[in-house]
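Fold and contact review
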Amino acid sequence: QVQLVESGGGLVQPGGSLRLSCAASGSIFSINDMGWYRQAPGKQRELVAAITFGGSTNYADSVKGRFTISRDNAKNTVYLQMNSLKPEDTAVYYCNADVALSRWVGYDYWGQGTQVTVSS
């Protein structure tokens, strides 16, 4: 079994910063892509940022230049540094990981979500 545990959400004023972390644990052979998604009330879940094992990144247009995704492969952890936060960034943020349990078996896992609220 694999668990993804997120931390770092909270309430921040517009223009502020937050750093999210997501640590994967369990019977992990390796982790391929990792990413962050978000879901605001009444909206569909959307990709915020993703990173490959080798460090290649991909961002939603709405967060380019403000958010930075990174990972520590030794710790099976992915981070999301969020700067210049806007009220429209308010959402529940979910961690996602493509986890290989062996050379032949892999599954997609999700964290429980962490609330980010940007408000004055």
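Residues numbered from 1 in each chain as written. Predicted model: local features only at pLDDT ≥ 70, side-chain atom pairs only at ≥ 80, totals over all residues. Heavy atoms only, no water.

1. Thoughts on the overall build of the protein
When you go through the protein residue by residue, the secondary structure sums to zero helices and 11 strands. Secondary structure elements of the protein, listed N to C terminal, follow the sequence β-β-β-β-β-β-β-β-β-β-β. The C-alpha atoms of the protein give a radius of gyration of 14 Å, which matches the 14 Å a tight globule of 120 residues would have. Oriented by its inertia axes, the alpha-carbon framework of the protein measures out at about 45 × 25 × 25 Å. Counting all 120 residues of the protein, 39% fall into the buried class. (Helix = DSSP H or I, 4+ residues; strand = E, 2+ residues; numbered from the N terminus. Rg over C-alpha atoms; globule rule 2.2 N^0.38 Å. Buried < 20%, exposed > 50% of the residue type's maximum accessible area, 1.4 Å probe, protein only.)

2. Quick look at the packing of aromatic side chains
Inspection of every chain in the model, using the stated rule, returns two aromatic pairs. Centre to centre, the rings of Tyr107 and Tyr109 are 6.4 Å apart; their planes meet at 80°, and the pair counts as edge-to-face. Residue Tyr109 is classed as buried on the basis of its relative accessible area, which comes to 15%. The side chain of Arg19 reaches across the aromatic face of Tyr79, ending 4.1 Å from its centre. (Phe/Tyr/Trp six-rings, centres within 6.5 Å; stacked < 30°, edge-to-face > 60°. Lys NZ or Arg CZ within 6 Å of the ring centre and 35° of its normal.)

3. So, the side chain of Thr114
Tracing the backbone through its elements, the reader meets Thr114 in strand S11 (residues 114-118). For Thr114, a relative accessible area of 12% translates into the label buried. A polar contact is formed between the side chain of Thr114 and the backbone nitrogen of Gly9, at a distance of 3.4 Å. (Polar contact = N/O pair within 3.5 Å; in protein donor to acceptor, adjacent residues only side chain to side chain.)

4. Regarding the pattern of salt bridges
Following the criterion strictly, the structure yields four salt bridges and no others. Ionic pairing is found between Arg38 and Asp89, a salt bridge with its closest N-O pair at 3.0 Å. With Arg38 in strand S4 (residues 30-39) and Asp89 in the loop between strand S8 (77-82) and strand S9 (91-100), this pair connects stretches of sequence that are 51 residues apart. Here Arg38 and Asp89 have matching classes, each one buried. The partner of Asp61 in a salt bridge is Lys64, with the nearest N and O atoms 3.1 Å apart. Each of Arg38, Glu46, Arg66 and Asp89 takes part in one network of salt bridges that share partners. (Salt bridge = Lys/Arg side-chain N within 4 Å of Asp/Glu carboxyl O.)

5. Quick word on the state of the cysteines
For the coordinates displayed, the defined rule picks out one disulfide. The residue that forms a disulfide with Cys22 is Cys95, at a sulfur-sulfur distance of 2.1 Å. Between Cys22 and Cys95, the S-S dihedral sits near -80°, and the bridge is therefore left-handed. Taken as a pair, Cys22 in strand S3 (residues 18-26) and Cys95 in strand S9 lie far apart in primary sequence, 73 residues in all. Cys95 shares its class with Cys22; the two are buried. (Disulfide = S-S within 2.5 Å.)

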